[in-house]
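This is what each chain is made of:
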Amino acid sequence: MTLLDYISDLDPRDREFSEEILMRELRVSRVKAARLIDRATDLTSRPGVLKAMAEGRVDEGKALMIIDLLRVLSVVHAAIAEEALLAHAEKNPYSTTRQYAVRFIHRLDPTAAERRFQEKRKTRLVEKINQDDGMALLRVLMTAHDAAMVYDHINRIARSLPKDDRTLDQKRSDIARDLLLGRDTPAPQGRTMVYLTMPITSALGLTQDPAILGGYGPIPAPIAREIAAGGVWKRILTDPVTGAAEEISNVYRPTAKQRELIAARYPTCMAIGCNQPAHRCDLDHCRRYNGENTTIDNLRPKCRRHHRMKTHSNWTCTNQEDGTHTWTTPSGKTEDVHPTPIAEPAPF
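All of these numbers come straight from a predicted model, not from anything done at the bench.

1. Some details on a nonpolar patch on the surface
For step 1, the next point in the chain: There is a patch of nonpolar side chains on the surface, built from Val-126, Leu-138, Val-140, Met-142, Val-150 and Leu-180 and spanning about 530 Å² of accessible area.
For step 2, the next point in the chain: Positionally, Met-142 belongs in the loop between β2 (136-141) and α10 (144-160).
For step 3, the next point in the chain: Overall, Met-142 belongs to the partly exposed group, its relative accessible area being 30%.

2. Describing unusual backbone geometry
Excluding glycine, most residues fall at negative phi; most peptide bonds, likewise, are trans.
For step 1, the next point in the chain: Phi is positive for Asp-133, close to 60°, though the residue is something other than glycine.
For step 2, the next point in the chain: One can find Asp-133 in the loop between β1 (125-130) and β2.
For step 3, the next point in the chain: Of the residues examined, Asp-133 reaches a relative accessible area of 78% and is grouped as exposed.

3. Some thoughts on helix α7 (residues 75-89)
One full turn of an α-helix is made of 3.6 residues, so residues set three or four places apart face in the same direction.
For step 1, the next point in the chain: In this model, α7 (15 residues) spans 21 Å end to end at C-alpha, consistent with the 21 Å of a helix rising 1.5 Å per residue.
For step 2, the next point in the chain: Restricting attention to buried positions, one finds in α7 the residues Ala-78, Ala-81, Glu-82, Ala-84, Leu-85, Leu-86, His-88 and Ala-89.
For step 3, the next point in the chain: Tucked inside the fold, the buried residues of α7 contact α5 (47-54), α6 (60-70) and α8 (94-108).

4. Re the sheet that holds strand β9 (residues 325-328)
For step 1, the next point in the chain: Read across the sheet, three strands follow the order β8-β9-β10 without closing on themselves; strand pairing throughout is antiparallel. Only two strands of the sheet have a single neighbouring strand rather than two, namely β8 (316-319) and β10 (334-337). Neighbour-to-neighbour, the strand axes of this sheet turn through a mean angle of 25°, independent of strand direction.

5. Comments concerning the sheet that holds strand β5 (residues 217-219)
Strands belonging to one sheet form pairs held by backbone hydrogen bonds; the direction of such a pair is parallel or antiparallel.
For step 1, the next point in the chain: Strand order across the open sheet formed by three strands is β3-β4-β5, with antiparallel pairing between neighbours. In this open sheet, the two edge strands, each paired with only one partner strand, are β3 (196-197) and β5.
For step 2, the next point in the chain: The pairing of β3 with strand β4 (residues 211-213) spans two bridges and is antiparallel. Looking at the pairing, Thr-197 lines up with Ile-212 of β4.
For step 3, the next point in the chain: Together, β4 and β5 form the strand contacts of α8, whose direction differs from that of β5 by roughly 25°.

6. Quick word on the nonpolar core
Across soluble globular proteins, nonpolar side chains have a tendency to be buried as a group.
For step 1, the next point in the chain: By size, the foremost hydrophobic cluster in this structure holds 23 residues, and its most contacted members are Ile-66, Leu-73 and Leu-85.
For step 2, the next point in the chain: Of all the elements in the fold, those that place two or more residues in this core are α5, α6, α7 and α8.
For step 3, the next point in the chain: Excluding its chain neighbours within four sequence positions, the residues that come into contact with Leu-73 are Ala-78, Ala-81, Ile-105, Leu-108, Asp-109 and Ala-112.

7. Section: a negative patch on the surface
For step 1, the next point in the chain: On the surface, a cluster of negative charge is contributed by Asp-297, Glu-321, Asp-322, Glu-335 and Asp-336.
For step 2, the next point in the chain: Note on placement: Glu-321 falls in the loop between β8 and β9.

8. Re the packing of aromatic side chains
For step 1, the next point in the chain: On inspection of all chains with the given rule, the structure shows two aromatic pairs.
For step 2, the next point in the chain: On the numbers, 6.0 Å between centres and 35° between planes, the contact of Tyr-100 with Phe-104 is tilted. Placement of both Tyr-100 and Phe-104 in helix α8 is noted, with a separation of four residues, approximately one turn of the helix.
For step 3, the next point in the chain: A centroid spacing of 6.1 Å and a plane angle of 75° characterise the contact between Trp-315 and Trp-327, whose relative ring orientation is edge-to-face. Of this pair, Trp-315 sits in the loop between α15 (304-312) and β8 while Trp-327 sits in strand β9; the two residues are twelve residues apart in sequence, bridging distant segments of the chain.
For step 4, the next point in the chain: Here Trp-315 falls in the partly exposed class, since its relative accessible area comes to 23%.
For step 5, the next point in the chain: Residue classification places Trp-327 among the buried residues on the basis of a relative accessible area of 1%.

9. Some words on the pattern of salt bridges
For step 1, the next point in the chain: If you walk through the whole model with that rule in mind, you get 18 salt bridges.
For step 2, the next point in the chain: Residues Arg-57 and Glu-90 are paired through a salt bridge, measuring 2.8 Å at the closest nitrogen-oxygen approach. In this pair, Arg-57 is assigned in the loop between α5 and α6 and Glu-90 in the loop between α7 and α8, connecting sequence segments 33 residues apart.
For step 3, the next point in the chain: In this structure Arg-57 comes out as partly exposed when scored by relative accessible area, which is 30%.

10. A closer look at the environment of Ile-67
For step 1, the next point in the chain: The residue Ile-67 is located in helix α6 in this model.
For step 2, the next point in the chain: Assessed through its relative accessible area of 4%, Ile-67 is described here as buried.
For step 3, the next point in the chain: Sequence spacing of Ile-67 and Asp-42 is 25 residues, and the spatial spacing of their C-alpha atoms is 6.9 Å.
For step 4, the next point in the chain: Aside from chain neighbours lying at most four places away, what touches Ile-67 is Asp-42, Leu-43, Ser-45, Arg-46 and Val-49.

11. Considering the confidence of the model for the protein chain
For step 1, the next point in the chain: Per-residue confidence for the protein chain gives a mean pLDDT of 82; residues scoring 70 or more make up 87%.
For step 2, the next point in the chain: Note on residues 247-252: pLDDT under 50 across the span, and 21 contacts to partners over four residues away in sequence or across chains.

12. What to know about the packing of helix α3 (residues 18-26) against helix α4 (residues 30-45)
For step 1, the next point in the chain: Here α3 crosses α4 at 110°, and the two axes come no closer than 8 Å. The pairing of α3 with α4 is recorded here as roughly perpendicular in orientation. Touching Ser-18, Glu-19, Glu-20, Leu-22, Met-23 and Leu-26 of α3 are Arg-30, Ala-33, Ala-34, Leu-36 and Ile-37, all from α4.

Conventions we followed
Residues numbered from 1 in each chain as written. Predicted model: local features only at pLDDT ≥ 70, side-chain atom pairs only at ≥ 80, totals over all residues. Heavy atoms only, no water. Patch = residues over 30% accessible without salt bridge, like charges linked within 9 Å, V, L, I, M, F, W, Y side chains within 5 Å. Areas by Shrake-Rupley, 256 points an atom, 1.4 Å probe, with all protein chains shown as cover. Salt bridge = Lys/Arg side-chain N within 4 Å of Asp/Glu carboxyl O. Helix = DSSP H or I, 4+ residues; strand = E, 2+ residues; numbered from the N terminus. Buried < 20%, exposed > 50% of the residue type's maximum accessible area, 1.4 Å probe, protein only. Expected span 1.5 Å × (residues − 1). Contact = heavy atoms within 4.5 Å. Pairing = 2+ DSSP bridges. Axes fitted to C-alpha atoms, helices over the stretch in contact; angles between N-to-C directions. Core = buried A, V, L, I, M, F, W, Y, C linked by side-chain atoms within 4.5 Å. Lys, Arg positive; Asp, Glu negative; His and termini not counted. Charge placed at Lys NZ, Arg CZ, Asp CG, Glu CD. Phe/Tyr/Trp six-rings, centres within 6.5 Å; stacked < 30°, edge-to-face > 60°. pLDDT = per-residue confidence, 0-100. Parallel < 35°, antiparallel > 145°, perpendicular 65-115°, else oblique.

Written out as structure tokens, the structure reads:
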């Protein structure tokens, strides 16, 4: 008997309080009981997704993510998106699938993506979650752009402090505390920045293609235009077939332009499932430096951990002509990490 069958068999007067009944039957909290009911309701609402999960083609995390993203679409658009997202999810990790799904839905129905953003924006909150040993987690839910600005501001102050016995994470925590309590903090080094990449047609309002917020992913074009107003603009030429940014320069140390171009082409660490923003990564020479190969084709962003993994372990990586980054595990298995185009590829 399924969970929803169990609930439907309850007396109608008791169904409103099914969470209380379930928490006692399963010995879980009311929040956990409510979450189980919500998940069951969501999964049964999309039989195709449920079937894919039952057959082991996708896990529960991917299934629930796909269902959540389909909510704002019409019946017709949801059916189209569901098939495409399941096919992608079968072959790719969660983070890659989510990036693909958001871009797919933005292209399929830009107004739905904006509606979803506006609905999610209403859920802004601050909450305190108690932890063990005298600690607590302060959770602040805000827009991705606001969060990027806040984090960059905190991070710049933390990195400007002289070396002491604190880690960088500890410094960030202390600075966030001081800022929230209105205490004086050291002045940040440089201005707060986020990277936003969008097609010129979207910037001018001629199309609704999504923009890419550095370290996050696609955001609706109207929201991106609000963010970009008054910003510093730089031109990046893209390949009309693939939508990828084009190559420049060939010096030993990557130039500022190269770094910006690589961050536009590869917004995050190119390790499997890693979402560390490119501007906080090292630029790794995938083929050992030979005096001439500091090029866009050979450089890829890797966070410090995955840079060390590639350099000091039995993991290896290679770059494909289309920008795909192929990793080979110590056991010999391979997995591809695909770049995210910043413009829509030509439809031919």
